[in-house]
Amino acid sequence: MPNHPSASLLADEKLGQQVDPRRWYALAAILLPILLNSLNTYMIQVALPSIQKSLNASFSDAQLIVTGFSLSLAVALVVSGKLGDIYGRKRLLLIGVSVFTLMAMLGGLTSHPTLLIIIRIVQGLAAALIQPQVLSMMQVNFLPREKGLVFSIYGALMGFGFAFGLILGGILVNWNVFDLGWRAVFFFNVPFGILVLLCLPLLPESRGRRTQSIDWIGTVLIMIGLFLLVYPLSEGQKLGWPHWIWGCLILSLLLLLAFVAVEIRKQKRREAPLIDLTIFKQRLFGVGMISVVLIYLSMFSFFFLLTYYLQFGLHFDAQATSLAFLPLGGGFFLTSLISSRIVSRWGMVVLKIGALVTGICCFLFIVLLQMDAMHLLHIQYIVLLLVYGLGLGLVTTPLTRVVLGTVPVKDAGTGSGLFNTFMYLANSLGVALISILFSAALRQPLASAVLSDYARAFSASLAACGGLALAAFVCLCFLSDQKEKRIEELTSL
């Protein structure tokens with residue numbers, strides 16, 4: 001029997017009395033750390049060739065500068081969300097931003113690739129402390145009717161960070177202010193990080209269940225298991241797939257299976273598991289997480305491929321690369337900003353259209369490459385990248401709200417940590433797997449490959465990206481009408 005409207009209104013008013021009336025002023029302070037991390041990620045992506053050249057780093061070192069960050073971020077996210085639930089999300093956010101800023105300063109000062117890789121790994125751990133706390137605060141500090149708008153702002157900020165980060169990274173490298181070159185990309189984050197730290201006192205402290213404990217056995221199993229999964233995939237092709245690589249992958253599978261067994265046993269004994277695996281029994285959450293993996297595998301692979309093709313195939317500099325990404329980021333920003341209102345009116349069909357559009361754009365990109373593989377700044381590519389970004393914003397931003405909306409408030413940190421773990425694992429796995437396909441399709445050593453080789457490899461890899469996006473579309477189609485109504489409720493203002 002449905003609730004009476006007056007009862008619902010009374011419950012909403014009661015909840016409204018419990019939230020901080022200054023929550024909208026604090027929203028900027030909540031979101032600034034996300035912008036800091038987003039700008040850092042994409043500025044370094046466009047500056048990577050300059051870093052490699054300046055430090056005389058190998059191509060393997062250059063890849064580890066990027067994958068080391070995302071890998072450490074992914075493997076630490078689940079436990080960091082739990083730590084925020086127990087010890088306080090504001091406290092963890094303060095620690096994360098402080099370490100992140102310190103690592104940015106040290107990154108700009110270092111002159112050795114190995115040290116920079118270590119710094120990026122530690123910076124990834126710091127980012128893992130930031131991300132779940134931000135999403136948890138957004139979950140617990142706002143009323144249900146406000147969360148649609150809040151998550152739209154969050155998605156739009158991610159789109160802005162993506163577009164502006166690439167542009168700013170290219171500008172900083174090309175301008176070479178004070179002869180800093182790529183180091184300016186790191187140093188830019190220092191005053192920004194200090195600004196974030198000055199704003200954090202505006203935030204109220206929040207926690208989940210204070211009586212819960214950390215499942216250290218589960219933590220060790222999942223962190224080592226994920227590391228042994230992603231790292232060998234990143235290094236295997238460069239090392240010729242030696243036996244120890246396969247051994248690591250098999251051991252990773254065994255450790256992850258052991259993790260599941262430990263979590264199920266703890267659940268049966270009514271102990272506190274690291275991840276309550278019963279959450280996957282909820283169809284909306286399960287389908288949503290599968291969709292997250294598929295769409296982010298496609299998205300991060302596409303970003304990596306486009307950067308690789310522009311800088312190594314077409315020999316674009318950092319600024320030209322950032323301009324090529326501008327329409328994509330602009331489209332993503334626009335639809336992320338309005339996606340909540342669109343979904344509240346049209347429902348799940350919006351997410352399905354977004355996934356379908358991104359998949360189709362990948363295949364249309366292949367067609368354009370057959371006609372003109374060189375001029376990626378011409379109007380046809382600009383329009384295609386804009387449409388791709390529009391579709392991406394329609395599916396990724398609402399998907400974040402939908403998946404996290406199924407998580408109880410008391411476990412908001414764990415849920416957001418799990419969501420981000422899947423997202424950043426998709427980043428690491430997507431780059432590792434798509435680079436294997438790209439190199440196989442290239443059929444030539446990188447130094448001797450010509451434009452036609454790069455176009456062929458790029459086209460084959462784009463087909464995989466398009467297939468992943470279409471698989472996400474199919475996955476979203478399995479949601480029933482009842483679930484669509486639930487999603488409309490979750491995303492409504």
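Residues numbered from 1 in each chain as written. Predicted model: local features only at pLDDT ≥ 70, side-chain atom pairs only at ≥ 80, totals over all residues. Heavy atoms only, no water.

Side note on the overall build of the protein
When helices and strands are counted, the protein shows 17 helices and zero strands. When each of the 493 residues of the protein is scored for burial, the buried share is 58%. Here the analysis covers contacts within the protein between residues at least 6 apart in sequence; of these, 84% occur between residues at least 24 apart. Within the structure as shown, the protein displays about 20400 Å² of accessible surface, and the carbon and sulfur contribution to it stands at 69%. (Helix = DSSP H or I, 4+ residues; strand = E, 2+ residues; numbered from the N terminus. Buried < 20%, exposed > 50% of the residue type's maximum accessible area, 1.4 Å probe, protein only. Contact = heavy atoms within 4.5 Å. Areas by Shrake-Rupley, 256 points an atom, 1.4 Å probe, with all protein chains shown as cover.)

Structural notes on the pattern of salt bridges
Scanning the entire structure with this criterion turns up one salt bridge. One salt bridge connects arginine 456 with aspartate 453, and the closest N-O pair in it is separated by 3.1 Å. Taken together, the residues span about one helical turn, with arginine 456 and aspartate 453 both in helix α16 (residues 451-477) at a distance of three residues. (Salt bridge = Lys/Arg side-chain N within 4 Å of Asp/Glu carboxyl O.)

What to know about the side chain of serine 252
Looking at where serine 252 falls in the secondary structure, it is placed in helix α10 (residues 243-268). A distance of 3.5 Å separates a polar atom in the side chain of serine 252 from the backbone nitrogen of leucine 229. Not counting chain neighbours up to four residues away, the residues in contact with serine 252 comprise Gly225, Leu228 and Leu229. (Polar contact = N/O pair within 3.5 Å; in protein donor to acceptor, adjacent residues only side chain to side chain.)

Let's talk about the nonpolar core
Counting 154 residues, the largest nonpolar core has Phe302, Phe303 and Phe365 as its most contacted members. Looking at which element gives the most residues to this core, the answer is helix α11 (residues 283-313), with 18 residues. The contacts of phenylalanine 365, once residues within four sequence positions are left out, are Phe302, Leu306, Leu376, Tyr381, Leu384, Leu385, Phe458 and Leu462. (Core = buried A, V, L, I, M, F, W, Y, C linked by side-chain atoms within 4.5 Å.)

Some points on a nonpolar patch on the surface
A contiguous nonpolar surface patch, about 500 Å² in accessible area, is contributed by Phe160, Phe164, Phe333, Leu334, Leu337 and Ile338. Elements supplying a minimum of two residues to the nonpolar patch: α6 (144-175) and α12 (318-346). When residues of the nonpolar patch are assigned to their parent elements, the largest contribution, four residues, is made by α12. Following the sequence through the fold, phenylalanine 160 ends up in helix α6. (Patch = residues over 30% accessible without salt bridge, like charges linked within 9 Å, V, L, I, M, F, W, Y side chains within 5 Å.)

Quick word on the packing of aromatic side chains
In total, this model carries 12 aromatic pairs according to the counting rule given. Centre to centre, the rings of phenylalanine 302 and tyrosine 388 are 4.4 Å apart; their planes meet at 25°, and the pair counts as stacked. Of this pair, phenylalanine 302 sits in helix α11 while tyrosine 388 sits in helix α14 (residues 379-404), placing them 86 residues apart in sequence. The same class applies to phenylalanine 302 as to tyrosine 388, namely buried. Their ring planes at 25° and their centres at 4.6 Å tell us that tyrosine 309 and phenylalanine 458 sit as a pair that is stacked. In this pair, tyrosine 309 sits in helix α11 while phenylalanine 458 sits in helix α16, placing the two residues 149 residues apart along the sequence. For the pair shown, tyrosine 309 and phenylalanine 458 are each scored as buried. Taken together, the aromatic side chains of Phe302, Tyr309, Phe365, Tyr381, Tyr388 and Phe458 make up a single cluster linked through ring pairs. (Phe/Tyr/Trp six-rings, centres within 6.5 Å; stacked < 30°, edge-to-face > 60°.)

Description of the environment of tyrosine 296
Mapped onto the secondary structure, tyrosine 296 falls in helix α11. In sequence terms tyrosine 296 and asparagine 427 are 131 residues apart; their C-alpha atoms lie 6.9 Å from each other.

Structural notes on unusual backbone geometry
Positive phi, close to 55°, is recorded for asparagine 176, a residue that is not glycine. Judged by its relative accessible area of 30%, asparagine 176 falls in the partly exposed class. Even without being a glycine, phenylalanine 178 presents a positive backbone phi close to 55°. With respect to the element layout, phenylalanine 178 can be found in the loop between α6 and α7 (183-187). The exposure class assigned to phenylalanine 178 is exposed, which follows from its relative accessible area of 76%.

Digging into empty space enclosed by the protein
Here the structure, examined in full by the defined rule, presents three cavities of 30 Å³ or more. Of the volumes computed, that of the largest cavity is approximately 790 Å³. Forming the boundary of the largest cavity are 46 residues, of which Thr41, Tyr42, Gln45, Phe300 and Asn427 lie nearest the centre. Listed by contribution, the elements that provide at least two residues to the lining of the largest cavity are α2 (23-54), α3 (59-87), α5 (113-140), α6, α11, α12, α14 and α15 (412-442). Considering each element in turn, the lining of the largest cavity owes the most residues, 10 residues, to α2. Partitioned by chemical class, the residues of the lining of the largest cavity number 28 nonpolar, 17 polar and one charged. (1 Å grid on protein atoms, 1.4 Å probe; cavity = no way out; pocket = protein on both sides within 12 Å on 5 of 7 lines; lining within 4 Å. Points joined across faces, edges and corners; volume = space filled by probe spheres on them. Nonpolar A, V, L, I, M, F, W, Y, C, P; charged D, E, K, R; others polar.)

Function cannot be read off these values alone, since they describe shape.
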